[in-house]
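Chains, contacts and geometry: an overview
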Amino acid sequence: MEPVFRTLEIAVSTATKVIGSKITYLGLENIPKQGGAVVAINHTSYVDWFPSALAAYQVRRRLRFMIKSEMQQVKIVNFLIKHSGTIPVDREAGAAAYAAAVEALRAGELVAVYPEATISRSFELKEFKTGAARMARDAQVPIIPMIVWGAQRMWTKDHPRNLGRKKIPITVAIGPPVYAAATIDETSAAMREEMNKLLHMVQETYPHPAGAYWVPHRLGGSAPTMEEARRLEEIELAERARKRAERQTKSRR
């Protein structure tokens, strides 16, 4: 029954109704009714996890998310991690998290992965890490591509939160399974192709005001181009490395 997870499901479902967001689900039949699978989700927002989780909830399945281990330092989040099957990931030593994810997949769980690793400022698909493809191969399970669109209007990088009763529509689209190919690169390429198809399909039916910050440059929005977003991420990573080096220097004094 997992009482904590059940409480989370009720709380998130209720909160979605309170803020007035209508979530449109497409392709729910592609979520396996049983058995393990890697659910590969695009990453445009700090809150795109909740439409993803609610999509699985529609078919009585639960997503086991992978989350950066730093979140364990927040007491309430650490409690939820321990009681919801969430898998903490140490970005500098991820072997343990990878092994835990593969074990969960073999046990029949749906493990949610963001192949892009970090939020895409361009709202297009960034380059993929290899984790999702490797997990599918090692656990011998399919990859289920999932696209969440609209959540970036609520809370994304470089922009203030837009929470509350804003009635922001969200679309979640799930595609047919992608199976491990002969190589990891081939598997990643096939996964990316299916996710791009879904993304473009969803965007065709979603209204995109010209110049809006949450609309991709390709569709007439003011979001950074993919190249501009890449440069912003390089600056962010450099600044993060600088701060980490400063902390290490202070700790040695």
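Residues numbered from 1 in each chain as written. Predicted model: local features only at pLDDT ≥ 70, side-chain atom pairs only at ≥ 80, totals over all residues. Heavy atoms only, no water.

Under an unreviewed UniProt entry, the chain has the name 1-acyl-sn-glycerol-3-phosphate acyltransferase and belongs to Mycolicibacterium moriokaense.

With that settled, consider the environment of Val 89. Turning to its location among the elements, Val 89 is positioned in strand 4 (residues 87-89). For Val 89 and Arg 6, which are 83 residues apart along the polypeptide, the C-alpha to C-alpha distance reads 23 Å. Here Val 89 is in contact with Met 66, Ile 67, Lys 68, Ser 69, Glu 70 and Ala 97, once residues within four sequence places are set aside. (Helix = DSSP H or I, 4+ residues; strand = E, 2+ residues; numbered from the N terminus. Contact = heavy atoms within 4.5 Å.)

Turning our attention to unusual backbone geometry. Leaving glycine out, the prevailing phi sign among residues is negative, and the prevailing peptide bond configuration is trans. In the Ramachandran plot, Ala 117 falls in the positive-phi region, its phi being about 75° despite a non-glycine side chain. Its place among the elements puts Ala 117 in the loop between strand 5 (110-113) and helix 5 (131-139). The phi torsion at Asp 158 lies on the positive side, around 70°, for a residue other than glycine. You can see Asp 158 is positioned in the loop between strand 6 (143-149) and strand 7 (170-174).

In this section: helix 1 (residues 3-19). Taking 1.5 Å of rise per residue, 17 residues should cover 24 Å, and helix 1 covers 24 Å from first to last C-alpha, within 8% of that figure. Looking at helix 1, one finds that the buried residues are Val 4, Phe 5, Glu 9, Val 12, Ser 13, Thr 16 and Ile 19. What you see down the axis of helix 1 is that its buried residues fit within an arc of 165°, all on one side. Turned more than 90 degrees from where helix 1 packs its buried face, Pro 3, Thr 7, Lys 17 and Val 18 sit exposed. For helix 1, the elements touching its buried residues are strand 1 (23-26), helix 2 (49-58), strand 3 (63-68) and helix 3 (75-83). (Expected span 1.5 Å × (residues − 1). Buried < 20%, exposed > 50% of the residue type's maximum accessible area, 1.4 Å probe, protein only. Arc of directions from axis to C-beta.)

In this section: the nonpolar core. The nonpolar side chains of soluble globular proteins are, as a tendency, buried together. Ranked by internal contacts, the top residues of the largest apolar core, which has 62 residues, are Val 38, Ile 41, Met 66 and Met 135. Apart from residues no more than four positions distant in its own chain, Val 38 is found in contact with Leu 105, Val 111, Val 113, Ala 132, Met 135, Ala 136, Val 141, Pro 142, Ile 143 and Ile 144. (Core = buried A, V, L, I, M, F, W, Y, C linked by side-chain atoms within 4.5 Å.)

Pairs can form between side chains of opposite charge once their charged atoms are near each other. By the definition in use, this model includes 18 salt bridges. Residue Arg 121 pairs with Asp 158 through a salt bridge whose shortest N-O separation is 2.5 Å. Of this pair, Arg 121 sits in the loop between strand 5 and helix 5 while Asp 158 sits in the loop between strand 6 and strand 7, and the two are 37 residues apart along the sequence. Of the residues examined, Asp 158 reaches a relative accessible area of 55% and is grouped as exposed. Each of Glu 2, Arg 6, Glu 9, Arg 62, Arg 64 and Glu 109 takes part in salt bridges that share partners, so that together they form one network. (Salt bridge = Lys/Arg side-chain N within 4 Å of Asp/Glu carboxyl O.)

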